[in-house]
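For reference, the chains in residue letters:
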Amino acid sequence: MVGGAISVQAMRLLLIAYPGAGKGTQAEKLASHYGIVHLSSGALLRNEVLRGTEIGQLAVDYLERGDLVPDALVFEILSTRILDAVRHGGYVLDGFPRTLHQAEEAYSLAQGLEGVTLQAVIYLRVSKGELYKRLVERADLEGRSDDTEAGIAHRFEVFDTQTAALLGFYAKRGLVIDIDGEQSVEKVFADITSAIENLRS
Ligand code: AMP
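I will try to describe carefully the structure that is included in this document. (Residues numbered from 1 in each chain as written. Predicted model: local features only at pLDDT ≥ 70, side-chain atom pairs only at ≥ 80, totals over all residues. Heavy atoms only, no water.)

Turning next to the sheet that holds strand 5 (residues 176-180). In space, the five strands of this open sheet follow the order 2-3-1-4-5, with parallel pairing throughout. Both outer strands of the open sheet, strand 2 (37-40) and strand 5, are each paired with one neighbouring strand and no more. Adjacent strand axes in the sheet meet at a mean angle of 20 degrees, parallel and antiparallel pairs treated alike. In this structure, strand 4 (residues 120-125) lies alongside strand 5, joined through five bridges in parallel fashion. What sits directly across from Arg125, in strand 5, is Asp180. Across the sheet, helix 4 (residues 71-87) is in contact with strand 1 (11-16), strand 2 and strand 3 (90-94); its angle to strand 3 comes to roughly 140 degrees. (Pairing = 2+ DSSP bridges. Helix = DSSP H or I, 4+ residues; strand = E, 2+ residues; numbered from the N terminus. Axes fitted to C-alpha atoms, helices over the stretch in contact; angles between N-to-C directions. Contact = heavy atoms within 4.5 Å.)

A few words now on the site of the ligand. Around the ligand, 17 residues are found, and the nearest of them are Ser41, Asp67, Gly95, Arg98 and Gln102. The contact in question runs from an oxygen atom of the ligand to an N or O atom on the side chain of Arg46, over 2.9 Å. Contact distances for the ligand include 3.3 Å between an oxygen atom and a side-chain N or O atom of Arg144. When the ligand sits alone it has 490 Å² of accessible area, and the protein chains cover 97% of it. Contributing elements (two or more residues each) for the shell around the ligand: helix 2 (41-51) and helix 3 (54-65). Tallying contributions element by element places helix 2 first for the shell around the ligand, with four residues. Among the residues making up the shell around the ligand, the classes are represented as seven nonpolar, four polar and six charged. (Near = heavy atom within 4 Å. Polar contact = N/O pair within 3.5 Å; in protein donor to acceptor, adjacent residues only side chain to side chain. Areas by Shrake-Rupley, 256 points an atom, 1.4 Å probe, with all protein chains shown as cover. Nonpolar A, V, L, I, M, F, W, Y, C, P; charged D, E, K, R; others polar.)

Don't take any of this as a statement about function, it's just geometry.
See the structure below:
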């Protein structure tokens, strides 16, 4: 499926941004605004770790280091959830796909299925200085084990080397919406929803 009009029945969005840019916050707001399912790969993985499941045990060291966990684990926790979400109004993905390889595989898996592939990819643009500031604040509030100085630097590097290429992949399909993520939460949300409304009109 390429760009174009967004159907009200099953909205399918992806948020891409560096850690700390506000993906989780905006994804939650979008989910409740449009009545769609928020699927955060990072939150789902952290939950598997907390529950001590087999996936959690296999993923925990990657999460601690800020490295990407193997694709098979990510597909295992997300594939069914994405298909279920499509049947329940749609989804906003936060953190998946995260590499070109994941995006290509997800796209090819979805090819035979109607109304599953992405309709819009929202890129939240935030400067590195501001990201560091926000992540240090988040570390105090949430105590995430990967929000250390070394963990933050490493995840930025992972974004630059493995995730940034996704933007080109989706831009070729005409899906990318570029948003200034350095504004207030409300203004960022208003910019995203107005860009989505433009796609729908
Ligand atoms: P996040 O909450 O999106 O910042 O993700 C936290 C961590 O979860 C990442 O640093 C990775 O270790 C792991 N993770 C989340 N999404 C993915 C993904 N799509 N592929 C591989 N690892 C992921």
